[in-house]
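# Survey of secondary and tertiary structure
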Amino acid sequence: MEGRAHVKPYEGFAWVVPLFALVAAANVHGIQDAARAPYAVLGLAGGAAWQLLDRRDLAARLTWPVVFGGVGLLVALAAREPLVLGDTRAESLGRAIFGFGVLCGLVLTERYLRWRERRAERLSPEEGPATTRGSASP
């Protein structure tokens, strides 16, 4: 059909990439007994890959995670339960660092893509002077 954008087969499922990155970070952390660096690095990589595979506005992308996170927080506060995401405090901190890494990956990748688009617009031959290589402009 004319006028329709090409749909990529993975477009709706790119959000799975950060989940795989979280599992990988937890495994590396458990096997290597590393500090929280795997969470930060793999979170950043997962967020960047998510934005590259399915580029969307960040507010639209993060609306549902914020809604579900807010509801979960309200339920935990109403039940007066401690806010622990894993078995230990260190595991909860690692997951928080991972979440921050994903957000950083999303934002930094979008900033890079916008910079690249602005640069391409500036270097676009249609908008430049009508000269050929080796000739001087009038």
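For the structure, see preceding data.
Predicted, not measured: the structure shown is a model, and the values here were computed from it. (Residues numbered from 1 in each chain as written. Predicted model: local features only at pLDDT ≥ 70, side-chain atom pairs only at ≥ 80, totals over all residues. Heavy atoms only, no water.)

## So, the packing of aromatic side chains
Scanning all chains against the criterion turns up two aromatic pairs. Taking 5.9 Å as the distance between ring centres and 35° as the angle between the ring planes, the aromatic pair formed by Tyr112 and Trp115 counts as tilted. Here Trp115 and Tyr112 lie together in helix H4 (residues 89-122), a separation of three residues that amounts to about one turn. We classify Tyr112 as partly exposed; its relative accessible area is 43%. (Phe/Tyr/Trp six-rings, centres within 6.5 Å; stacked < 30°, edge-to-face > 60°. Helix = DSSP H or I, 4+ residues; strand = E, 2+ residues; numbered from the N terminus. Buried < 20%, exposed > 50% of the residue type's maximum accessible area, 1.4 Å probe, protein only.)

## Points about the nonpolar core
Within the largest apolar cluster, nine residues are counted, these being Ala14, Ala21, Ala25, Tyr39, Trp50, Leu58, Phe98, Val102 and Leu106. The set of elements that each furnish at least two residues to this core consists of helix H1 (16-32), helix H2 (37-53) and H4. Ranked by residues supplied to this core, first place goes to H4 with three residues. Sequence-distant contacts of Ala21, defined by excluding residues within four places in its chain, comprise Leu42, Gly46 and Phe98. (Core = buried A, V, L, I, M, F, W, Y, C linked by side-chain atoms within 4.5 Å. Contact = heavy atoms within 4.5 Å.)

## Some details on the pattern of salt bridges
Evaluation of the coordinates by the stated rule reveals three salt bridges. Note that Arg55 is salt-bridged to Glu117, the shortest N-O span being 2.5 Å. Of this pair, Arg55 sits in the loop between H2 and helix H3 (58-78) while Glu117 sits in helix H4, and the two are 62 residues apart along the sequence. Classification of Arg55 by relative accessible area gives partly exposed; the value is 34%. (Salt bridge = Lys/Arg side-chain N within 4 Å of Asp/Glu carboxyl O.)

## A closer look at a positive patch on the surface
Taken together, the side chains of Arg111, Arg118, Arg119 and Arg122 make up a positively charged region of the molecular surface. Summarising the element assignment, Arg122 is placed in helix H4. With relative accessibility at 62%, the residue Arg122 sits in the exposed group. (Patch = residues over 30% accessible without salt bridge, like charges linked within 9 Å, V, L, I, M, F, W, Y side chains within 5 Å. Areas by Shrake-Rupley, 256 points an atom, 1.4 Å probe, with all protein chains shown as cover. Lys, Arg positive; Asp, Glu negative; His and termini not counted. Charge placed at Lys NZ, Arg CZ, Asp CG, Glu CD.)

## Section: the side chain of Thr109
Within the secondary structure, Thr109 sits in helix H4. The class for Thr109 is buried, based on a relative accessible area of 10%. Among the polar contacts made by the side chain of Thr109, one reaches the main-chain carbonyl oxygen of Gly105 at a distance of 2.6 Å. Look past the residues within four positions of Thr109 in its chain and what remains in contact with it is Ala48, Gln51 and Leu52. (Polar contact = N/O pair within 3.5 Å; in protein donor to acceptor, adjacent residues only side chain to side chain.)

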